[in-house]
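Listed below are the residues making up each chain.
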Amino acid sequence: MTPRDTRVILVSNDVVPGSAVPVAAPGLRVFGLAEGLRRHGFDVTIAVVRHVAQRLWGRSLPVPTVAGTELVAGHRLRQYLEARAPAVAIITNSNQIEHVDRSEGVRIVFDFFAPKMLEQLCHPDTEAPVRELETLRQRKLRALRRADAVIVNGRKKVPYVVAWLLQTGRDVRDIPTEVVNMAVPLHLREGPRAPGPLRFAIAGYLQPWSVPGEWLAALSDMVDKFDARLHVLWPGHWGARAAIAEHPLLARLRDHDRVRFATPMVFSAFQEFVAGMDVIVDLFDHNLEREYAMVTRTIVALSCGVPVIHPPFTEVSPMIAEWDAGWLVDPRDEGELASVLAAAAGAPEVSRRKAEGARAMAAECIDPGRATAPLARILDALPR
């Protein structure tokens, strides 16, 4: 790949793989974009906001980093960027806009990664605080007014993003905008699967707006009925405003002799864990946030070539359908869910075919080089 002369700095609101701690979606988003842009020949650095890394690391020792990653105090981001200008800064959502807004010689690409307003509105524990929502709204509009370009994590969010851009008073036709789906380095299992019972898993962070449902009972029944094992890795995310109480059905699984619980792990180990499964189950009830979610747990499963059981309404759902990379099922439709679980567990040839679709989708849609091609075009077109 011919080297580009554009310096790119990805400002990360979370730790990234290689930090010796488990990572969540925002850090994985930045990591995937960086990997893809490097394949396209860009000079890329990830700047992780220091206080987040220190909070997670929780030790007096220096926070581990990997090559191409630096820790930067939030209030020093402007100085950091200007010292490296001319450059393009890619910000995930609007979290750091106050620190990068007036950076001289720095173009800004706004990554419309997750619908943060909808996360607040769909939080089940509290009524949405009006003042907090308005603060978030104004911060987002500030970032979109400053942005030289916008990337969108999923095609379904495009009208939602346009609605935000129209509030800025800018001509949306003049703002370069591209869909850049979630990019994750692939980790495809080589050779035949290991012998033994079929391995199902539910894995990833629990979120307050996406909690376990009654479908867990159907999953437990499936494990009882078929020669299958269920692996569960489902901690609460550190960013949740309040602890998530364990769902009674999830607690009941702890006493099941065919269920194994795993603890959080670093991303490389997590991908190895997922790649060893036959099917990943990622189900949740519908709400507005989930409607626009590019569900990271599912994307990671597909990056490992593992088919998924997933609802029909997210950003990922049409991709799963197009590539036949799993099963789409309404988690509240007990009959349909039972049929899908029976098909996944009772017909290994069906699961193998779905796995082939997952591998094909991963190579075409999730591989960082492929996923970031639209972003590379935007960066090439930005004025120097």
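Because the structure is predicted, anything quoted here is derived from the model rather than measured.

Q: What is the right way to look at the overall build of the chain in this model?
A: Along its length, the chain carries 17 helices and 13 strands. Taken over the C-alpha trace, the chain has a radius of gyration of 21 Å; the compact-globule value for 384 residues is 21 Å, and the two agree within 12%. For the chain, the residues scored as buried account for 55% of the 384 residues in total. Counting contacts in the chain only where the partners sit at least 6 residues apart, residues at least 24 apart contribute 72% of the total. Here the chain has roughly 16,500 Å² of accessible surface; of this, 52% comes from carbon and sulfur atoms. Positive and negative charge centroids in the chain, built from 46 and 45 side chains respectively, lie 5 Å apart.

Q: Quick question: what am I supposed to make of the packing of aromatic side chains here?
A: Any two aromatic rings considered together are summarised by their centre-to-centre distance and by the angle between their planes. With the rule as written, the count across this model stands at six aromatic pairs. Both rings, one in Y160 and one in Y292, keep their centres 5.1 Å apart while their planes meet at 25°; by these two values the pair is stacked. Of this pair, Y160 sits in helix α7 (residues 158–166) while Y292 is found in the loop between α11 (288–291) and α12 (296–303), placing the two residues 132 residues apart along the sequence. In this pair, the class of Y160 matches that of Y292, namely buried. Among the aromatic residues, ring-to-ring pairing joins F110, F112, Y160 and Y292 into one connected group. Above the face of the F112 ring, K140 is positioned so that its terminal group lies 4.7 Å from the ring centre.

Q: Just checking my understanding: could you explain empty space enclosed by the protein for this structure?
A: A full pass over the atoms with the stated rule returns two cavities of 30 Å³ or more. In this model, the largest cavity occupies a volume close to 30 Å³. In terms of lining residues, the largest cavity is bounded by I202, A203, W234, I280, V281, D282 and R297. Only β8 (198–203) and β11 (279–281) provide two or more residues apiece to the lining of the largest cavity. Here the lining of the largest cavity is built from residues that sort into five nonpolar, no polar and two charged. Quantified by volume, the second largest cavity comes out at close to 30 Å³. Around the second largest cavity, the lining residues are A203, F270, V274, I280, R297, V300 and A301.

Q: What am I meant to see in the pattern of salt bridges here?
A: Note on pairing: side chains with opposite charge can pair once their charged atoms come close. Inspection of the entire model under this criterion finds 23 salt bridges. For the salt bridge of K116 with E119, the shortest nitrogen-to-oxygen distance reads 3.3 Å. Taken together, the residues span about one helical turn, with K116 and E119 both in helix α5 (residues 116–121) at a distance of three residues. For K116, a relative accessible area of 27% gives the class partly exposed. Taking relative accessible area as the criterion, E119 reaches 12% and is therefore assigned buried.

Q: What is the right way to look at the nonpolar core in this model?
A: As a rule of thumb, soluble globular proteins bury nonpolar side chains together. Residues V109, L302, L375 and L379 are the most contacted members of the largest nonpolar core, which totals 65 residues. The greatest single-element share of this core, amounting to six residues, is contributed by helix α1 (residues 25–39). Not counting chain neighbours up to four residues away, the residues in contact with L375 comprise L33, L37, I90, V109, I151 and V180.

Q: Please explain the pairing of strand β5 (residues 106–112) as it appears in this structure.
A: Here is the key point about a regular strand: its side chains alternate between the two faces of the sheet. Extensive coverage of β5 is indicated by the burial of six of its seven residues. Sheet topology note: the β5/strand β6 (residues 149–152) ladder contains four bridges and is parallel. Within β6, the residue paired with F112 across the bridge is V152.

Q: Explain the sheet that holds β11 to me, please; I cannot follow it from the model alone.
A: Within a sheet, adjacent strands bond to each other through the backbone by hydrogen bonds, running parallel or antiparallel. Within the open sheet, the six strands sit side by side as β10-β9-β8-β11-β12-β13. Their pairing is parallel. Only two strands of the sheet have a single neighbouring strand rather than two, namely β10 (259–261) and β13 (326–328). Across the sheet, the axes of successive neighbouring strands diverge by a mean angle of 20°, strand direction being ignored. Across six bridges, β8 lies against strand β9 (residues 228–233) in parallel orientation. Each residue of the ladder has a partner; that of L198, found in β9, is A228. Along the sheet, α12 contacts β8, β11 and β12 (308–310); its crossing angle with β12, the most-contacted strand, is approximately 155°.

Parameters and conventions
- Residues numbered from 1 in each chain as written.
- Predicted model: local features only at pLDDT ≥ 70, side-chain atom pairs only at ≥ 80, totals over all residues.
- Heavy atoms only, no water.
- Helix = DSSP H or I, 4+ residues; strand = E, 2+ residues; numbered from the N terminus.
- Rg over C-alpha atoms; globule rule 2.2 N^0.38 Å.
- Buried < 20%, exposed > 50% of the residue type's maximum accessible area, 1.4 Å probe, protein only.
- Contact = heavy atoms within 4.5 Å.
- Areas by Shrake-Rupley, 256 points an atom, 1.4 Å probe, with all protein chains shown as cover.
- Lys, Arg positive; Asp, Glu negative; His and termini not counted.
- Charge placed at Lys NZ, Arg CZ, Asp CG, Glu CD.
- Phe/Tyr/Trp six-rings, centres within 6.5 Å; stacked < 30°, edge-to-face > 60°.
- Lys NZ or Arg CZ within 6 Å of the ring centre and 35° of its normal.
- 1 Å grid on protein atoms, 1.4 Å probe; cavity = no way out; pocket = protein on both sides within 12 Å on 5 of 7 lines; lining within 4 Å.
- Points joined across faces, edges and corners; volume = space filled by probe spheres on them.
- Nonpolar A, V, L, I, M, F, W, Y, C, P; charged D, E, K, R; others polar.
- Salt bridge = Lys/Arg side-chain N within 4 Å of Asp/Glu carboxyl O.
- Core = buried A, V, L, I, M, F, W, Y, C linked by side-chain atoms within 4.5 Å.
- Pairing = 2+ DSSP bridges.
- Axes fitted to C-alpha atoms, helices over the stretch in contact; angles between N-to-C directions.

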